[in-house]
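A closer look at the structure
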Amino acid sequence: MNKFYISMFTFLGIATVSLISLQLHAEPSKSSPEIEPVDDDMHHFMEYVFEPSYKRLKMSMAAEPSGKDVWKAIKGDALTLAEVSNLLLHRLPEENVEDWQKYVVETRKAGGEFYQAARASDYSQAFEAYRAMLTSCNVCHDQFADGEHQLKP
């Protein structure tokens, strides 16, 4: 075989191996499956996803927590509420979408601050962030639930 063909086959072989290697080491695709509600009823979503954590926190935060187990439960519920707030961004109302998104972001932010304060076992900061989170929830409930379902610390 002539040197030209050997060089060409060598080049093509290296190029093929390089492309395969790049594909194998490429970042995974950014596309993901659609987020799809299991139950379209917002009342059910709030009642079964948010309410259990809220009710536990209402009891846990009534007085300064003592012990790691109590703080661990508070951290779990605070993180749950902050994280599941993200799901509300996929359940947009038909009207006033900008307000909805603003309230969700405020709730998530306060929930995140609550979680961080609970991680530090700082009751004063945790309670302040907890109240801020509930205030954001209540402002949203004022507008989107006709003032019903007001939450109290």
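Further up the page is the structure itself.
Residues numbered from 1 in each chain as written. Predicted model: local features only at pLDDT ≥ 70, side-chain atom pairs only at ≥ 80, totals over all residues. Heavy atoms only, no water.

1. Quick word on the packing of helix H3 (residues 68-88) against helix H4 (residues 97-119)
Orientation of H3 relative to H4, taken along the N-to-C sense of each, is 160°, at an axis distance of 8 Å. The angle between the axes of H3 and H4 places the two elements in the roughly antiparallel class. The element H3 and its partner H4 pack so that their crossing is left-handed. Mapping the contact onto sequence places Trp71, Ile74, Lys75, Ala78, Leu79, Ala82, Ser85, Asn86 and Leu88 in H3 and Trp100, Val104, Thr107, Arg108, Gly111, Gly112, Phe114, Tyr115, Ala118 and Arg119 in H4. (Axes fitted to C-alpha atoms, helices over the stretch in contact; angles between N-to-C directions. Helix = DSSP H or I, 4+ residues; strand = E, 2+ residues; numbered from the N terminus. Parallel < 35°, antiparallel > 145°, perpendicular 65-115°, else oblique. Left-handed = near helix turned anticlockwise from the far one by under 90°. Contact = heavy atoms within 4.5 Å.)

2. With respect to the environment of Glu128
In this fold, Glu128 is placed in helix H5 (residues 123-144). Its relative accessible area of 53% is what places Glu128 among the exposed residues. For the pair Glu128 and Ala117, spaced 11 residues apart in sequence, the C-alpha separation works out to 9.3 Å. (Buried < 20%, exposed > 50% of the residue type's maximum accessible area, 1.4 Å probe, protein only.)

3. Describing the packing of aromatic side chains
In this description, an aromatic ring pair is defined by two values, namely the gap between the centres and the angle between the planes. Counted according to the given criterion, the structure contains 6 aromatic pairs. Note on Trp100 and Phe144: the rings are 5.0 Å apart at their centroids and 90° apart in plane angle, and the pair reads as edge-to-face. One end of the pair, Trp100, is in helix H4; the other, Phe144, is in helix H5, with 44 residues separating them in the sequence. Taken together, the ring pairs in this structure connect Phe114, Tyr123, Phe127 and Tyr130 into an aromatic cluster. The ring of Phe45 carries the charged tip of Arg91 above its face, separated from the ring centre by 4.0 Å. (Phe/Tyr/Trp six-rings, centres within 6.5 Å; stacked < 30°, edge-to-face > 60°. Lys NZ or Arg CZ within 6 Å of the ring centre and 35° of its normal.)

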